[in-house]
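Chain by chain, the residues run as shown.
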Amino acid sequence: MMKVRHSALLGSLLAATLPVNVWAEITAQTMADAIHAVIEADRAVYADLVVNRLAIEEEVIEASEEYHENSALPLPAQMLRASAEKVRDKKSGFSFSLVSPWPINSQNKVKTEAEIKGMDSILKNPTTNVYSEETLSGKKYFTALYPDIAVSNSCVSCHNNHKDSPKKDFKIGDVMGAIMIKIPLSK
Amino acid sequence: MQDKLMIWVWKNAKKITLYSLWLILFIGSAFYFYNKLSSDDKTVLIQGKTSNGHYQIEEQCDSCHEAEDKNELGDIKQEKCLACHKEKKRSNTKANSHRAKLFEADDKTDLRKLLRADQCVTCHEEHQLGHAGTTQPADFCILCHKDIAEDRVSHKDLAFDECGDCHNYHDNSANYSESFIGEHLGEEAKTFEHSKIPPTQYTARFLKKHISEPLSWQQKELPATVDANQAKDWDGSSHALAGTNCQTCHNDKNNEWVEKPDHQSCKSCHKTQLKGFLSGKHGMRLKQKLPGMTTNNARLAMKGEHKELNCISCHKDHQFDAKEAAVASCLNCHNDQHSLAYKETKHYQLWKNKDSRGASCATCHMPKIEKGRKKNKSVLTQHNQNHNLRPSQKMVKTVCINCHGLGFSIDALQDKQLINNNFAVPPTQHIPLIEMWNSYNNDKK
């Protein structure tokens, strides 16, 4: 009886390890795609359930770039950057950010060759993600760029009216930049 | 035999004395240094002068030099710096656009090549004389911001060693953010009738929260062994009004009477204030569990010998009179040019006559700060005076703008003469900040 129980246990343990094999085949690209899905969903939920509901529909609190000074909600883009920073703290290996050819803060401009090329191809073909590999300071990275499209009026009006924005004629549906995910491939 | 030895000793007396002296000196100094190195006090090892920011705690080597064994002197770890110098949690605002963390990112490798801004020690090296131990040249901003005039035409004719006149590397929100200037346009020369910040009303707030009745002299609950005369000042004080009797402060966790309660006893009610106090120059030694700062250890000119800093040095027991703490307590110790000039100023004359336009030492260096919104709104005194010690970089927004117009404030704060005479006369120079703001706006249209 004991033996049967043991083999049943062993069997179920083996079965449980099967999905691990599937995960072992995960590529940098599938990982980046999964991370991107979470980042984008989180930002959309924050924009919809928090900012849009409380600042625009119910008007109980403002959303503002200088949110700390104004006791306001951070903007969805700031929320994304704040969580990117949190992720960096955890030293989980990968990083993500928002980049654009026309950023409000010039630090967020596409910089490396792979980023510039990738951004160009997104502007030509706004529905396709761009994947590439690049070496920065001797370290090899998988770099993925996901088109970031202006989905709501608040994205467009904020960028068009911001004094430091280099582009002031965004329309809904335009590519505003990209969500960039970098995964190191070497140590 | 004995004679021979005596003769030998006699002949070599000089040598023997020298060798014995040498031996005693060698063993003595070895013993001295062994003791010094293995004791908790390692101040003998300090090389050079510690910065104005850290000299108060220099004897506590492991505040900065992390070591597993207390007999070792560890390396400087970034976490040790950040344990006291917490980077503001707010992300992506001008308040903290130079956070060390930002420069750790993969996409900031190009910036890290210019300046290792992800490491505190790149700019702050200790045990070298210099303000806050800064070791970078005054014009180091040029490394990353050389094209600033392209982005801000208003900055075209400014030199890179002047950036610090207006901007603070670690906190650029304090004064000259563009939206802040925009909000205060048109009130350049205005002076308000009274400060816009309401008084703290701490007692009223406390009573509202804790539903306690004011206490009479009979309700003081003083142990019979203690002389009641010592506690006379408590009668009618803010503590008595807020229902705080002798035992609230004097009893420890085990309900044992403590003759002289320390700052920890104030914590149960004044947590935020204590946190500020321990973070600033007044309380930083206590935070490191060292004895409090004393007047004779200060680098600034002070009065009196060995006056030690804790809560009751400024808030005299048992009156705890906030008015006393706002001027008299400061001038009891501070003896520099700026402090000595204060009583000659209009700020003081008005304050002394209880005119709401007056300003005490605390009005400017420990200003009232508003926290929260609407129902949760409260006004507290900022007890970390480090936040308000750099006039031109940090004090417009938190202090001056509460009573004066923006243009007037900027002109005054940039005038170094006025700092010495404690703003006794109006500023004579003009800083074209509003003009710069206008040119920036016209350019961006």
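Residues numbered from 1 in each chain as written. Chains lettered and ligands numbered in written order. Predicted model: local features only at pLDDT ≥ 70, side-chain atom pairs only at ≥ 80, totals over all residues. Heavy atoms only, no water.

### What to know about the state of the cysteines
Residue and element names in this part refer to chain B. The cut-off we apply is this: Any cysteine sulfur atom paired with another within 2.5 Å is treated as part of a disulfide. Exposure categories follow from relative accessible area, calculated using a 1.4 Å probe and restricted to protein chains: below 20% of the type maximum is buried, above 50% is exposed, and the middle band is partly exposed.
Counted under the stated rule, the structure contains zero disulfides over all chains. Cys64 provides the cysteine sulfur closest to Cys61, a residue in no disulfide bond, and the two sulfurs are 8.8 Å apart. Residue Cys61 is classed as buried on the basis of its relative accessible area, which comes to 15%. Just so you know, Cys120 is unpaired, no disulfide at all, and the nearest cysteine sulfur is the one on Cys81, 4.1 Å from it.

### Regarding the interface of chain B and chain A
The criterion, for reference: The contact criterion used throughout is that any non-hydrogen atoms of two residues lie within 4.5 Å. Accessible area that two parts lose when put together, evaluated with a 1.4 Å probe and summed over both, is termed the buried area. Throughout this description, the term salt bridge denotes a Lys or Arg side-chain nitrogen within 4 Å of a carboxyl oxygen of Asp or Glu. Where helices and strands are cited, they refer to DSSP runs of H or I of at least four residues and of E of at least two residues respectively, numbered from the N terminus. In the scheme used here, Gly and all other residues not listed as nonpolar or charged are polar, with Ala, Val, Leu, Ile, Met, Phe, Trp, Tyr, Cys and Pro taken as nonpolar and Asp, Glu, Lys and Arg as charged.
Tallying the contact residues gives 29 residues for chain B and 27 residues for chain A. Note on chain B versus chain A: buried area summed over both sides is about 2400 Å², and carbon and sulfur give 38% of it. In this structure, B:Asp110 engages A:Lys111 in a salt bridge whose closest nitrogen and oxygen atoms are separated by 3.5 Å. When contributions to the side of chain B that touches chain A are tallied by element, the ones reaching two or more residues are helix 4 (109–114), helix 8 (178–183) and helix 23 (433–444) of chain B. Here the side of chain B that touches chain A is composed, by residue class, of five nonpolar, eight polar and 16 charged.

### Description of the pattern of salt bridges
Enumeration according to the criterion identifies 17 salt bridges over all chains in this entry. Among the salt bridges present, the one from B:Arg152 reaches B:Asp151, with a minimum N-O distance of 3.3 Å. Judged by relative accessible area, which is 11%, B:Arg152 ranks as buried. The network of salt bridges with common partners includes A:Glu115, A:Glu134 and A:Lys182.

### Here we look at the sheet that holds strand 4 (residues 175–184) of chain A
All names here are of chain A. Our working rule: Two strands qualify as a pair provided DSSP detects at least 2 bridges between them. Fitting a line to C-alpha atoms yields each axis, with helices limited to the stretch in contact; the angle taken between N-to-C directions then spans 0 to 180 degrees.
Taken together, the four strands give an open sheet; going across it, the order is 1-4-3-2, and neighbouring strands pair in antiparallel fashion. Two strands bound the open sheet, and with one partner strand each, they are strand 1 (95–99) and strand 2 (130–136). For this sheet, the mean inter-axis angle between neighbouring strands, taken without regard to orientation, is 25°. Pairing analysis gives seven bridges linking strand 2 to strand 3 (residues 139–149), with the strands arranged antiparallel. Pairing of Ser132 across the sheet is with Thr143, part of strand 3.

### A short note on the confidence of the model for chain B
Detailed reading of the predicted model is not advised wherever pLDDT is low. All names here are of chain B. The following threshold applies: By definition, pLDDT measures how confident the predictor is in each residue, and it falls between 0 and 100.
Summing up the model confidence of chain B, the mean pLDDT is 85 and the portion of residues at 70 or higher is 89%. At the level of individual helices and strands, chain B shows its lowest average pLDDT in helix 9 (residues 202–210), which scores 68, and its highest in helix 17 (residues 337–341), which scores 96. For this predicted complex, the interface confidence comes out at an ipTM of 0.70, alongside a pTM of 0.80.

### As for a nonpolar patch on the surface
All names here are of chain B. Short version of the rule: The patches described consist of residues with a relative accessible area above 30% and no salt bridge, like charges being joined within 9 Å and nonpolar side chains (Val, Leu, Ile, Met, Phe, Trp, Tyr) within 5 Å. Accessible surface area values rest on a Shrake-Rupley calculation with a 1.4 Å probe, where residue burial reflects the displayed protein chains alone.
A contiguous nonpolar patch, built from Tyr32, Phe33, Leu37, Val44, Leu45 and Leu73 and spanning about 520 Å² of accessible area, is present on the exposed surface. On the secondary structure map, Phe33 appears in helix 2 (residues 13–38). Using a relative accessible area of 44% as the deciding quantity, one classes Phe33 as partly exposed.

### Brief notes about the pairing of strand 4 of chain A
Along a regular strand, successive side chains alternate from one face of the sheet to the other. Residue and element names in this part refer to chain A. With respect to burial, strand 4 is a largely interior element, nine of its ten residues being buried. For strand 1 and strand 4, the ladder comprises five bridges, and the chain directions are antiparallel. What sits directly across from Ser97, in strand 4, is Met180.

### Points about the packing of aromatic side chains
Residue and element names in this part refer to chain A. Stated formally: Note on ring pairs: Phe, Tyr and Trp rings are taken, using the six-membered ring of Trp, and paired if centres are within 6.5 Å. Classes follow the plane angle, with under 30 degrees stacked, over 60 edge-to-face and the rest tilted. The criterion is that NZ of a Lys, or CZ of an Arg, lies within 6 Å of the ring centre and within 35 degrees of the ring normal, and then a charge sits over that ring.
Applying the stated rule across the entire model yields nine aromatic pairs over all chains. Ring geometry for Trp102 and Phe170: centres 5.6 Å apart, planes at 75°, overall edge-to-face. With Trp102 in the loop between strand 1 and helix 4 (113–124) and Phe170 in the loop between helix 5 (153–161) and strand 4, the pair connects residues that are 68 residues apart, well separated along the chain. For Trp102, a relative accessible area of 21% gives the class partly exposed. What makes Phe170 buried here is its relative accessible area of 4%. Ring pairs connect the aromatic residues Tyr131, Phe142 and Tyr146, which therefore count as one cluster. Against the face of Trp102 rests Lys167, its NZ or CZ located 5.0 Å from the ring centre. Between Lys167 and the ring centre of Phe170, over which it is positioned, the NZ or CZ distance is 5.1 Å.

### So, a negative patch on the surface
All names here are of chain B. Condition: Positive charges are assigned to Lys and Arg, negative charges to Asp and Glu, while His and the chain termini are left out of the count. For this purpose, a charge sits on NZ of Lys, CZ of Arg, CG of Asp or CD of Glu.
There is a patch of like negative charges on the surface, built from Asp139, Asp161, Glu162 and Asp165. Here Glu162 lies in the loop between helix 6 (148–151) and helix 7 (163–166). Overall, Glu162 belongs to the partly exposed group, its relative accessible area being 35%.

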